[in-house]
Amino acid sequence: MTDPNIRKFTFGKPFPTGAVIRDVPETAHLPYLTVSEDGSLSMSLAPETILYGLGPTVRGLNKRGWLYESANRDDSQHTEEKHALYGSHNFLIVDGPARFALFLDTPGWVVWDLGYTDSDRISITADDGFTLYLWEAETLPELVRGLRVLTGAPYVPPLWAFGFNQSRWGYRDENDLREVIRRYRELDMPLDMVSLDLDYMEGCRDFTVSRERFPDFADFNRELAGEGIHMVPIVDAALKADEAWPVYRECLEKGFFCRKEDGSPFFVGVWPGKCVLPDFADPEAAAWFGRQYRALTDAGVRGFWNDMNEPAIFYSEDCLREVFEKIRTFQDRDLDLDSFFEMRNLFGSLSHRDAYLRDYFHTVGGERIRGDKLRNIYGTRMTEAAAKALKEQLPDERVLLFSRSSYIGLHRSAGIWYGDNRSWWSHLKWNVAQAAAAGMSGFLYSGADIGGFGGDATGDLALRWLAFGIFSPLFRNHSIRGSRPQEFWRFGREEAFRGVLKLRYALLPFIYSEFVKAALSGGMYFLPLSFVFSDARSRRVEDQLMIGEGVMTAPVCEQNADGRFVYLPEPMRLFRMRSPKDFDTELLPAGDHFLSCTLNEVLVFLRKGYCLPLAETDGVRNSRDVDFSRLSALKYDEAPVSYTLYDDGGVRSELSLEKYGRTLVF
Ligand code: GLC
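Predicted model only: the values in this text are computed from it and were never measured. (Residues numbered from 1 in each chain as written. Predicted model: local features only at pLDDT ≥ 70, side-chain atom pairs only at ≥ 80, totals over all residues. Heavy atoms only, no water.)

A. Structural view of the overall build of the protein. Regarding its fold elements, the protein presents twelve helices and 39 strands. The C-alpha radius of gyration of the protein comes to 25 Å, within 12% of the 26 Å expected for a compact globule of 666 residues. Counting every position in the protein, which comprises 666 residues, the buried fraction comes to 62%. (Helix = DSSP H or I, 4+ residues; strand = E, 2+ residues; numbered from the N terminus. Rg over C-alpha atoms; globule rule 2.2 N^0.38 Å. Buried < 20%, exposed > 50% of the residue type's maximum accessible area, 1.4 Å probe, protein only.)

In structure tokens form, the structure reads like this:
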């Protein structure tokens, strides 16, 4: 494969995001797009044109027909009418009579009107200067490969990060975690990680551990490590404004915080209360923040999730004061329609105002830059700093690192999760589109909160979500405090949950190998059908995904359904799997099928000429127990099939993974 011919076009004076790692010569003329004087880009769309990309944001795989914004935002209401979520992935594929891809490189606000105002037109408007990269290719995977040529290869986490991660906001102390682990063990359900949410810290102060709840953290880590369990603590972006806390004092003394116009710290409210926002755009400040992870790596921690880094702002100190002043004027008044709602909105509209981003400044190379100008790379800079520091602290090991906020470029250093979804069937279905879209931008290690973060999950939803989740590289059950407990042993049906969880572990060599192949080849792990098949119907399928080129999954996303319609572009062998060893199989012709699928089953489809390697799972408690050297395989027919397996042990830091591929014949 030759590299695509990438064209580069610069408008204004863009801030360097660091996303692009390849030198591309500038062109004066852009094909396809009309550039207006204000820098807006537009083109008309043929009726059959499909638009892909923009990362795991709202709505489906085909982005046509809605208005999206690149405006990283902590918004926990993931409803259809939203325009932006936590990440800005300015990558768009236009798949019509013209087939090309573009990457719009700018850390500021971008509006993507993708057939929203006029269903046959695209219009893209950036607030600030940008660099646009545009390339053509024959196929959709090659268009994605173009982005990798431009922005580099994805992060590959350690093998254990592909195991199962049990999380919940609300595990308070060592004993809570011991109990969770004990239950999984007792029920013979494999587990690799437990996530630690805010409660492990001392009053939500990053890099601290509550002595009361974790009297000897390093010792506890050793205890869990002995059982093959990794702890994955959360790290939030904002630092508590507490003069008695050395990390905060140092941040103040060194001037490593975002400032108001007058140079004083910009105080905001986040989980710990009053906080400062570290200035991650300042390389020295970012490196300083990265060094703080040592408090946890020294205790043996090897995995982290970086949160609240859009940045999330519940209120700014100044606005909160104004609101309190204003609210007094409502006292003792006869509140009518207008005044009552005005009063109610005073508090309701305090959180996550875009206006806050115009109230603070970064300092980059002595220059002051307003917050909104760099909004979309704030969390990326935080997580890149963590990745760099972790490499310095643990040069011989790969670590687990994922972030909520993201911008393309971060995919080289970390994964992402898709934030605060809900225990809704619609969010299970949406997860399918998110998984493919995240991979297009390079975030191969990504995933949604399985079972849904907000709201109360039901056993059937958890099982159906698990049936899709077992294929997801980032495989985590996470839920909000106060919601119905959501561990996979909370809903009865233990045999069903165990069977599907074990299937994940049987698939681990396959999942890891397909992941590494995608990372090495500039490809994707999850692919929409249209990326593999060229028939017209495949282009419209949004709820079935390929994993690599040979395997397809089709989750049931509807409550009380006893199966689902599945479209097969070519004959495939169906495995209706209840566990690695308990399944039935049938050969299906191309076309549409209604396939039954009971709650304890996972529908897995195999193409002719491919196989699905499976590991032994008897006695497997976590990824450490999975034996990559003893694999069997599910096959389409009797003909011998070869499979390239990647087995590098899964922890070493060097990433020349090529040499670990070996071909097996089944
Ligand atoms: C944010 C995160 C969520 C976490 C919570 C508390 O909402 O997205 O995953 O549980 O903060 O830390």
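B. Fine view of the packing of aromatic side chains. Under the defined criterion, the tally for this structure stands at 41 aromatic pairs. Both rings, one in F164 and one in F475, keep their centres 5.1 Å apart while their planes meet at 50 degrees; by these two values the pair is tilted. In this pair, F164 is assigned in the loop between α1 (140-151) and β12 (165-166) and F475 in the loop between α11 (459-469) and β27 (476-477), connecting sequence segments 311 residues apart. Classification of F164 by relative accessible area gives buried; the value is 0%. With relative accessibility at 1%, the residue F475 sits in the buried group. An aromatic cluster of three or more residues is present, and its members are Y155, F162, Y445, F468, Y512, F515, Y525, F526 and F628. Over the ring of W417 we find R476, and its NZ or CZ is 5.2 Å from the ring centre. (Phe/Tyr/Trp six-rings, centres within 6.5 Å; stacked < 30°, edge-to-face > 60°. Lys NZ or Arg CZ within 6 Å of the ring centre and 35° of its normal.)

C. Main features of helix α7 (residues 317-328). The end-to-end C-alpha distance of α7, which contains twelve residues, comes to 17 Å, matching closely the 16 Å that a straight helix rising 1.5 Å per residue would cover. Buried within α7 we find C319, L320 and V323. Projection of α7 onto a plane perpendicular to its axis shows the buried side chains occupying an angular sector of 100 degrees, all on one side. Looking at the buried residues of α7, the elements they touch are β19 (315-316) and α8 (337-348). (Expected span 1.5 Å × (residues − 1). Arc of directions from axis to C-beta. Contact = heavy atoms within 4.5 Å.)

D. Structural view of the sheet that holds strand β2 (residues 34-35). On the basis of which strands lie adjacent, the open sheet formed by five strands has the order β2-β3-β10-β9-β5 and antiparallel pairing. If you trace the sheet from one side to the other, it starts and ends with β2 and β5 (66-70), each paired once. In terms of strand pairing, β2 meets strand β3 (residues 41-44) through two bridges, oriented antiparallel. Its bridge partner lying in β3, V35 is registered against L41. (Pairing = 2+ DSSP bridges.)

E. Spotlight on the environment of E601. Position of E601 among the secondary structure elements: in the loop between β34 (591-596) and β35 (602-607). Under the relative-accessibility criterion, E601 is labelled buried at 8%. E601 has contacts with R464, A467, R576, M577, R578, D584 and S596, leaving out every residue within four places of it along the chain. Of note is the side chain of E601, whose polar atom sits 2.6 Å from the side chain of R578. Within the local environment of E601, its side chain forms a polar contact with the backbone nitrogen of T598, the two atoms lying 2.9 Å apart. (Polar contact = N/O pair within 3.5 Å; in protein donor to acceptor, adjacent residues only side chain to side chain.)

F. Up close: the pattern of salt bridges. Going through the model one piece at a time under the given rule, you end up with 54 salt bridges. D625 is the partner of R621 in a salt bridge, and the nearest nitrogen-oxygen pair spans 3.0 Å. Note on R621: relative accessible area 40%, which makes it partly exposed. Overlapping salt bridges, with partners in common, bring together R576, R578, D582, D584, E586 and E601 in one network. (Salt bridge = Lys/Arg side-chain N within 4 Å of Asp/Glu carboxyl O.)

G. Quick peek at the sheet that holds strand β16 (residues 267-270). If you trace the four strands from one edge of the open sheet to the other, you get β15-β17-β16-β19, paired in antiparallel fashion. Only two strands of the sheet have a single neighbouring strand rather than two, namely β15 (239-240) and β19. As judged from the two bridges shared by β16 and β19, these two strands associate in the antiparallel manner. By the bridge assignment, V268 is partnered in β19 with S316.

H. Representation of the pairing of strand β20 (residues 361-364) in the model. Across four bridges, β20 lies against strand β21 (residues 367-370) in antiparallel orientation. Counterpart to V364 in the pairing with β21 is E367. The antiparallel pairing of β20 with β21 creates a hairpin that spans two residues between the two strands, and G365 there sits at a positive phi of about 55 degrees.

I. Looking closely at the environment of F130. Tracing the chain through its elements places F130 in strand β11 (residues 130-136). F130 sits 119 residues away from F11 along the chain, and the two C-alpha atoms are 5.4 Å apart. In contact with F130, other than residues within four places in its own chain, are F9, T10, F11, P14, G39, L41, L104, D105 and T106.

J. Examining the site of the ligand more closely. Around the ligand sit 13 residues in total, of which D197, D307, R404, D420 and H478 are the nearest. One of the side-chain N or O atoms of D307 is found 3.1 Å from an oxygen atom in the ligand. Within the complex, the protein chains bury 98% of what would otherwise be the 310 Å² of accessible surface of the ligand. Each residue belonging to the shell around the ligand can be placed in one class, and the counts come to eight nonpolar, one polar and four charged. (Near = heavy atom within 4 Å. Areas by Shrake-Rupley, 256 points an atom, 1.4 Å probe, with all protein chains shown as cover. Nonpolar A, V, L, I, M, F, W, Y, C, P; charged D, E, K, R; others polar.)

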